[in-house]
Amino acid sequence: MTNVLRRTVLAALLVTSASAAADKVTVPADVGIGPEAFWFYGPLLENRGAVPHFALAFNLYAVIDKDWINENRDRVPAKYRGQADRITELKIGPSIFIPSTLYISPSIDALNGVGLFGLSWKPLGLTLVSTGQKSERSWNQSRGRFSLDANLLLTYLYIYSNVRGVELAGIPSTHFLRPGVELQTTLLLNVSRTFLVSVGGGAQAYIPQRLGAFFDVLPIERTVWLSFFAFLKFHWRFPYELNL
């Protein structure tokens, strides 16, 4: 993981070095959006059963791969060129304040009336395993890739109910705000050079928060602390020119 972190920092240096050497620099950009489903272990799962809460997943980042590094090799400082050769692909977001998930799961009477709205941010992520396509130009030789990623999380959820008596069942209105960690698997499939589809899922673990409270972390069986998720995203990749 330390090597991945070093490569992430190196990629940022590469972009900065290339940008400083010219008035304009072109970087591949990826915009992705699609539906996401969440199952929250504990009271929320007991209340809703197998039906998930719903969300919208999206991403916006620059893609730094071997093609980009090779095309900008003369702009890479000599002391970094050896390390740059070992980079396969890295993703750099324009801002940590852009959320990765928008929770939109209104209260439905037929599902015991508990709903939630909120946001998740991923300020830092590391790719632990990556297989398959290593270059954008090799998309017709290897139609996809698999990756395993670990991410830090910050999630805010407003959990509420419109059904009389649900609070007595242990689902009071709650402002959930907790940091956490995420383990995510993704299969990214290339439809064309510019259009891709990804499917995946994983698990998220948070510092526990008892429903109806903010600072309480016990009893664990009345808290929100673990969720499982699955998603489908559609991606568009295009060259983005930075003007300095």
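Definitions and limits used
- Each residue is numbered by its place in its chain's sequence as written, counting from 1.
- Only residues with pLDDT of 70 or above have their local features reported here, since the model is predicted, and side-chain atom pairs are shown and tallied only from 80 upward, although totals for entire chains, interfaces and linings are computed over all residues.
- Side-chain metrics in this entry use all non-hydrogen atoms of the structure; hydrogen atoms and water are not considered.
- A run of DSSP states H or I qualifies as a helix once it reaches four residues; a run of E qualifies as a strand once it reaches two. Both are numbered from the N-terminal end.
- Burial status follows relative accessibility: with a 1.4 Å probe on protein chains alone, a residue under 20% of its type maximum counts as buried, one over 50% as exposed, and anything between as partly exposed.
- Contacts are assigned to residue pairs that have any heavy atoms within 4.5 Å of one another.
- Areas reported here follow the Shrake-Rupley algorithm with a probe of radius 1.4 Å; residue values treat only the protein chains shown as occluding.
- Think of it this way: DSSP has to see at least two bridges between two strands before they count as a pair.
- Working definition: a ring pair exists when centres of Phe, Tyr or Trp rings (six-membered ring for Trp) sit within 6.5 Å. Plane angles under 30 degrees give stacked, over 60 give edge-to-face, the rest tilted.
- Lysine and arginine charges are scored as sitting over a ring when NZ or CZ, respectively, is within 6 Å of the ring centre and within 35 degrees of the ring normal.
- Here a cavity denotes a set of grid points, spaced 1 Å apart and computed over the protein atoms alone, in which a 1.4 Å probe fits but from which it cannot get out, and a pocket denotes an open set meeting protein on both sides within 12 Å along at least five of seven lines; residues with an atom within 4 Å of a point are reported as lining.
- Grid points are joined across faces, edges and corners, and a volume is the space filled by probe spheres set on the points.
- Ten residue types, Ala, Val, Leu, Ile, Met, Phe, Trp, Tyr, Cys and Pro, are classed as nonpolar, four, Asp, Glu, Lys and Arg, as charged, and the remainder, Gly among them, as polar.
- By nonpolar core is meant a set of buried Ala, Val, Leu, Ile, Met, Phe, Trp, Tyr and Cys residues that side-chain atoms within 4.5 Å join together.

A few points about the overall build of the protein chain
- Looking only at helices and strands, the protein chain features four helices and nine strands.
- Listing each helix as α and each strand as β along the protein chain from the N terminus yields α-β-α-β-α-α-β-β-β-β-β-β-β.
- Relative to its full complement of 244 residues, the protein chain shows a buried share of 43%.
- Relative to all contacts within the protein chain whose residues are 6 or more apart in sequence, the contacts with residues 24 or more apart total 71%.
- When the accessible surface of the protein chain is summed, it comes to about 12,500 Å², and 64% of that surface belongs to carbon and sulfur atoms.

Re the pairing of strand β6 (residues 144-161)
- Relative to β6, strand β5 (residues 114-132) runs antiparallel, the two being bridged by 16 bridges. Across the sheet, residue Gly132 finds its bridge partner in β6, namely Arg145.
- The sheet contact formed by β6 and strand β7 (residues 174-190) spans 16 bridges and is antiparallel. From the neighbouring strand, Leu153 faces β7, where its bridge partner is Gly180.

Considerations on the packing of aromatic side chains
- Tallied over the full model, the rule gives eleven aromatic pairs.
- One aromatic cluster is present, built from ring pairs that chain together Phe38, Phe40, Tyr103, Phe229 and Phe231.
- Lying over the aromatic face of Phe214, Arg178 brings its terminal NZ or CZ to 5.4 Å of the ring centre.
- One cation-aromatic arrangement involves Lys233 over Phe231; the distance from NZ or CZ to the ring centre is 5.7 Å.

Quick word on empty space enclosed by the protein
- In total, this model carries two cavities of 30 Å³ or more according to the counting rule given.
- Of the volumes computed, that of the second largest cavity is approximately 30 Å³.
- Taken together, Phe38, Trp39, Phe40, Leu44, Leu45, Arg48, Gly49, Val51, Pro52 and His53 make up the full set of residues lining the second largest cavity.
- Contributing elements (two or more residues each) for the lining of the second largest cavity: β1 (24-40) and α2 (43-48).
- Its residues assigned to classes, the lining of the second largest cavity comprises seven nonpolar, two polar and one charged.

Quick look at the nonpolar core
- Residues Phe40, Leu44, Tyr103, Leu116, Leu157, Ile159 and Val224 are the most contacted members of the largest nonpolar core, which totals 17 residues.
- Counting only elements with at least two residues in this core, the list comes to β1, β5, β6 and β9 (223-243).
- The contact partners of Phe40, leaving out residues within four places of it in the chain, are Leu45, His53, Tyr103, Leu116, Leu157, Val224, Leu226 and Ser227.
- If you look at the next biggest cluster of nonpolar residues, it comprises six residues, including Val27, Ala62, Ile64 and Trp68.

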